[in-house]
Structure formats: C-alpha cells, structure tokens
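This is what each chain is made of:
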Amino acid sequence: MRGWGLLAVCAAVLAMSGCGRSSPSAGGPGGSRYDVTVTRTTLGIPHIEAADYGSAGYGYGYAFAEDNLCVLQEDLITIRGERARWFGRDGSYHIVPNGVIATNVNSDYFWKFMATDAAIAPMKQRTPAQFRDVVDGFVAGYNRYIRELKAGGHAGRHASCRNADWLFEIESDDLYRRFYRLAVIASSSVFINEIANAAPLLSTAKAQAASDAPDLVSALRADPGALSYFTEMRGKRFGSNMYAMGRDATQDGSNLLWGNPHFPWTGTERLYLAHMTIPGELDIMGASLYGVPAALIGFNDHFAWSHTVSTAYRFTFYELTLNPANPFQYVYGSGLRDIEQVPVTIQVKEADGSMSTETRTLYRSHYGPMLVLEASGVPVLGWTPLKAYTLRDANAENDRLIEQFARWNQAQSLDAFIDLHGQILGIPWVNTVATGPGGKAYYGDLSVVPNVPDAKVQTCGAIPINNVIGQLVPGLPVLDGSRSACEWDTDADAPAPGIFGRSHLPTLQRDDWVANNNDSYWLTNPAQPITGYARIIGDEGTVRSYRTQLSITQVQRRLDASDGRSATPGFTLPLLQQVGLSAAVKTAEYGLNNVLTEICPSASGDEALACAALAQWDGTANLNSVGAHVWREFFRALTGGADRGGNFWRVPFSASDPVNTPRDLNTSSNAVQQAFSDGVAAVKASGIAFDAPLGSIQHPCCIANDIPIFGGEFFEGAFTIASTEEAGAEALSASGYKVFYGNSYIQSVTWEDGKVHAEGFVTYSQSTDPANPHFSDYTREYSAKRWHRLPFTAAQIDADRIARYRLTE
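If you're wondering where the values come from, they're calculated on a predicted model, not measured in any experiment. (Residues numbered from 1 in each chain as written. Predicted model: local features only at pLDDT ≥ 70, side-chain atom pairs only at ≥ 80, totals over all residues. Heavy atoms only, no water.)

## Describing the nonpolar core
Argument step 1. Counting residues in hydrophobic clusters, the biggest one holds 265 residues, and the most contacted among them are Trp-111, Phe-191, Leu-227, Phe-299, Phe-317 and Phe-634.
Argument step 2. In terms of residues, this core owes the most to one element, helix H2 (residues 53-79), which gives 14 residues.
Argument step 3. The contact partners of Phe-317, leaving out residues within four places of it in the chain, are Phe-191, Leu-227, Leu-371, Leu-381, Thr-390, Leu-391, Leu-476, Pro-477, Val-478 and Leu-479. (Core = buried A, V, L, I, M, F, W, Y, C linked by side-chain atoms within 4.5 Å. Buried < 20%, exposed > 50% of the residue type's maximum accessible area, 1.4 Å probe, protein only. Helix = DSSP H or I, 4+ residues; strand = E, 2+ residues; numbered from the N terminus. Contact = heavy atoms within 4.5 Å.)

## Some words on unusual backbone geometry
Argument step 1. Residue Pro-464 follows Ile-463 across a cis peptide bond; omega there is 5°.
Argument step 2. Here Pro-464 is to be found in the loop between helix H14 (454-460) and helix H15 (465-472).
Argument step 3. The omega angle of the peptide bond from Thr-661 to Pro-662 is 0°, so this bond is cis rather than trans.
Argument step 4. Of note, Pro-662 is situated in the loop between strand S25 (649-651) and strand S26 (663-665).
Argument step 5. Although it is not a glycine, Ser-376 sits at a positive phi angle of roughly 55°.
Argument step 6. Looking at the element boundaries, Ser-376 is found in the loop between strand S17 (373-375) and strand S18 (378-381).
Argument step 7. In the Ramachandran plot, Ser-765 falls in the positive-phi region, its phi being about 75° despite a non-glycine side chain.
Argument step 8. Among the secondary structure elements, Ser-765 is positioned in the loop between strand S32 (755-762) and helix H22 (777-783).
Argument step 9. By relative accessible area, which is 0% here, Ser-765 ends up buried.

## As for the pattern of salt bridges
Argument step 1. Here the structure, examined in full by the defined rule, presents 50 salt bridges.
Argument step 2. As a salt-bridge pair, Lys-387 and Glu-319 come within 3.6 Å of each other at their nearest N and O atoms. Within this pair, whereas Lys-387 is found in strand S19 (residues 387-393), its partner Glu-319 is found in strand S11 (residues 315-323), the two being separated by 68 residues in sequence.
Argument step 3. A relative accessible area of 30% places Lys-387 in the partly exposed class.
Argument step 4. For Glu-319, a relative accessible area of 8% puts it in the buried group.
Argument step 5. For Glu-397, the salt bridge goes to Arg-392, with nearest N and O atoms at 2.9 Å.
Argument step 6. The exposure class assigned to Arg-392 is buried, which follows from its relative accessible area of 12%.
Argument step 7. Because the salt bridges share partners, they merge into one network encompassing Arg-80, Glu-82, Arg-85, Asp-117, Asp-174 and Arg-177. (Salt bridge = Lys/Arg side-chain N within 4 Å of Asp/Glu carboxyl O.)

Dropping the structure here:
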C-alpha cells in the first residue's frame, strides 16, 4: 500500500498539496474543488471514480504521474520549445513513430514556430466544456504529485527527474500542445528539420545541382530523407492489427473485437490503460497515448473500438512560383503574396552551464510552413530564385481531435458511436473498427484527409516535381500553389473547410467481420472490396502486406474450421485470443518448404546447420520456436525490410487473388540464394546458435532483460509484432534481439448478457519508472500469454483491488 498510499506523505505536504477536503476556492484551475477515488487493480490499472469531470481528470493526472511522470514531463518541455534551455545545445529529440531525430535547437525552433498559443486555441475552444474540466483536473492532479515529490514524498520514485530543475508544475496549455503534437505526428512533425532550417537561396550550387540532376527519383530512392517515414516506416513504426466481428463470425452469435496497436515501447507514444467513471455520465475503459486523459482505444457495456494507422495522407505540398526580384513573394492568382517571416527566439543552455539566447527566422506561406527537402545533398524541394515549397497540413487545422474522443467516451450506443465518427470527423490519422452487443461489425476511415480528388491532382499537379514525388510516395500530391483553383475542395458534409466529408470516405458494415492491418480500406473484407475513393486516401487493386494476407486467411480458416483450432466454425473469445497471439509468420507458409526441399539438400557447413534448425521450425515466432531467427535474417536480407511484394516469388501478385499472391519462393533465383547465404552469415556473426529458441534471444529493449518476448517482424509477415529495428540498433547481435516496438496495448472484448467482458495486456507494463511495482509485471504476464480480465464493474474492481485512495483538493 505504501507505493500508492496517500497517507504516507500527506502530513509532510498537507499545506502545499491540499490533502483532504478544502473549500471550493482553494482548489485547482478555475477555483474547482476536486474529490476522487482511485482504485488500483492487479497489474496497476487505475480505476478513477468521481462525481464530476474535473475530479475525474484530477485522479487521472495524479495516477498517471505516479507511473510515468518523467517521460511525459520531458515531452511537454519539448513541445514548449524548451529542450535546449533545459537539456543543452548538444542533445537531440527523437519522435520514435515517425523516425525524426532533431537537435534540441532545431526541435525548439520548430515547436515554438508551430505549437503557438494561436495554433492550439481553436482545439481548446472546440473541446467540450466537460473535457476542458478533465484537462484542467489532470493538470491539477499531476502538479499535486510533483509538489509531493518535491517535498520529499514517494521515496525512491522517479529518480531520473525528481531532483531535476526541469521538473516543474505544468499548465493546461501544455496538454493542448501535446494534443497538437499528436495530431501532426504523421504530417508536419515529420519535417521538423526541413521546416526549422528552411531559408531562401541556401546554396546556388545546390540549386543548380537540383536542376541538373538527371534522375531526382533515383536520388530520392537512394536517400529519401524525411520522406522515409512514408516510404519505409508508416504502418510499421505505428502499425496495428484489428478485427471487429458480428454474429455471423462467432459460434454463438455474439460480437467480438480485437484491438492490437503496434506502438513504441519507449517514449510518450506508449499506451496507458485506465478506467474513468462518473455515475450516470461516463463509464469508459481503455488506453491512451501519454498525456491524453480520455480512452483512445477502449470499451464499455455498449461498444468497443480500436484503430490502425491509415494510408491516407494528411497534407499536401505546394510549389510556389516566386517573384524573381524578391524570394519572399510568390505568385497567387493575378497578384503577389508575401512569405511571412517569423523571428523565433529560444534559450540555450551551453556546455559551461551558462544560458544564451538566439533567434532564427522561420517562414510561412498562406498554406503553411515553408520547407527545404534534400535528397542525397540535392534540394529536391528547394528554395531557388524561381521556386519554393510549402505544405498545408489538415491536422494542424484539426480542432476536433479531443471533441471526437470526448463524445465517443460519452456515447451510449454503437449507433451513436458510428454517427459521431462521421459527424465530428476529428480522427487525425487512423482507421477505426467497432462493434457492440447485437450490432454489426463496423469499419471506417473517417479521418482528416485533404480534399484533393484525383481530378484535381491531374489539373493542379506541379510538373515535373509532382511526378517525381509521386513515384516515390504514390498518392502524395505536389500542387501548383500559384492558382486559387488548386486550393483544397470542401465537401458539403465536411465539418471544416478543405477536407473530405463522410460521403467521400470509405466505410463498411457487415454481419460477419471487418479488419485492418495498415493497408488501405480496399480489402477490409475481401468478400466486399471497397473501391472508388481518391488516391490520397489509399490504393486499390495493389499488393497487400504479408501481415494483411495473414490477417485475412486467419479469419477465413477459422470460419471454415480449417485451422485445426476447433471443429466448430467461427470464433469465441478464447479462439480469437489464440489466433491473435499465435505468432504465425506468413512467409513461412509461402516459402519454408521451398527452402527445405530445394536449397537445403545441397547445403553444407553453416548453411547445413541453419537448414537443420529450419527443419525444426514451427513457422511461428513463439518463445519455443527453434530457427525463427534464421528465417528472419534470411528475409531481412531478401526483402531489405519491405513487407510486401518482391520479385522472388514464383506466383506473382494478381489483383484477382490478392489474399494469396505473390507466393511460392523462387529458390532458383540468385537473389534468394544469396539472401539465404547472407542471412546464415548474419546469424553466424552474432555467435548465436542456429537452433536457439527465440525466447532465449529476444527480450525488451528497456524493461527487464530476463523476460523473453515472442513475436516477429513486419518484413517476414508476422502478425504478432516484436520489432527490433531502431535507429542505431543492430538487427541481430551477440545479445540477441532487443524489442523496441510492436504489440503494446491489446484488448479482446465481447459481451455477456449485455455486459462487457474484456481481457487484455499492456505489453511493456503500466509504468516507465524502474522503482514502480508495475514497471515490468504486465510484461511478464504477456510473455507467458496469461490473459487477465480487465475489471469493469464495481464488484469486479473490488474483488481485484490492490490499493485504493481518495484525493481531495
């Protein structure tokens, strides 16, 4: 109890933190009075019960600070544009999901330029009043915990920041800046360095090199720079699996939902599981990215939902035609417009501890920030005397993000949930599936997408650069910024200008099932392909990832009972859990037998040892899977990290059979034979035995090194993800694989007699503080595949309680 108890520290900090009850005027933001009970159940899940929204937020903020104070605090400082002030000039900032690494200085310039008071004001105003109270309450509860810590409470906790000068009380605007940062994670923030360093006429030599380059496409492919997020990482760094199942897909006619985001195991894009209850008003449980006091993926008695990262683009580039006499003016219609010059000042802590101040000018067109994008040292999107480039970001304009989740958290039916999805249209960058008792299985990519139909790209694409970018990043337009006709369109049913309305975005409802695994909407259910949408939203008729193919065939084989799991067709909750954590590897199905029968008979030396291990492999990435790492290194060498397609299959992709093609490994190919040799050499170089079980060599990057982790990689077609690819990390070393991201929060949900029954995991556990009792406990349960019911009713919470405390201010 000492770990969570308030009484142990209350006497020491009574005066400064307001332990106990006080008058309304003595409380948090706006003079509120907070009164909340927090009950911790097994594995550290906080259940927060209050009579009002502000108090619920207060309990959430306090509980979250107990678990993850230092990680969130650092990110909030970053979005203030104060990294260099507190952490020095020489450090860097890494946004794990989009792969961006920026110096502290560049990061500060970007966020001070982008996340201004004016930028967050519309979202703050649009957030429903009740959830503004939640935000204010969160800040008050979070700050209370900081005061207790600073007064000497919570001994041993948060060693990395408790005595740091950068641990100070936050403001409500810090959270709204956090929401803004999350909104633009797949758009503007991909280009932190390109925006922070944009300036005209950077180098006339470079400008000439860009015009002289014989093949900009080759330059981009060799070094895509910031575009690598869209060419390599989108759907991997932020990948996910999800199913929604209706009555025709289950054995007893019930509904089921599987939510399985693949998020980072470090940083603020981890997911935190909590339950908020306001009797008669709110009863929602689920997971949220750090600093967002609402369920972003969750469930209640009426419905459950989950998300996967969508293929849609959230921004477009614009090419500006400049005034040759003034690089700060561009043609628009029949006149000229000025490029706004914005001086940005930051503070920098120098190596000797002194503080300096420096100013840099950043630039903005009426579309949005200016940027310079280089590839192989060539400014592909440069700023020459004639041309410059800017971007418009639909999510930088999205003021509805928190409104969307607030209204969903309050919704009382699946029908209301679905209606709110298209009515508010505040989802920034994800697909959604949902279902509920007696309802259909629902899918929608009703998210914020620039309204750029294919016809507009045809008439407004800036030639030739639109074609250059389009070859590397299909579907991302570069539009002509000199013509007003090339502004984004607006649908009559859109809640804001410049985006598609629900009538032009893909949805599907069925009585059997829908799924998504980060490919486009096209094969949400292959029995009813979704077609006819703008290319900026997604691709149709193209090769799917191995993971998507596996996701579909897992369902198909369960529905016809050909998977060997049960003689009765259809799913139950335990069968869904078995499928979801089976750790199957799709490429093994497509090629393992080819390797064993066509390469291995003539193998010798190390390759013969590798073949002996593969002969024992069960085709999965489970803890006891022998030889799984041999296959992984083979496919790493063969695919170069690509998670689909390839010219090394005997049966090529066919749009008429997209679930089962391409397939059958072409072992006569020199590329396949060389990749096999290279993969074997990689295992040999690591010093790890070819027949080592996966569980003996794969562990968390950043939790407890003795915990074995199951799961595989995107490029080998694993469904259960445990990805070891990370900046600066070796694929396979003498210490094995270190898992940096993958399966994170997992929820499997059904309903019994109208009441929700959910079981799940937080794979990396609830806390990032090594001194916290819940730093690694859930990870151990996940490793053992020990499912835990997520307590939802008062009786279930009481039965599973490990601590309870009341907070008042």
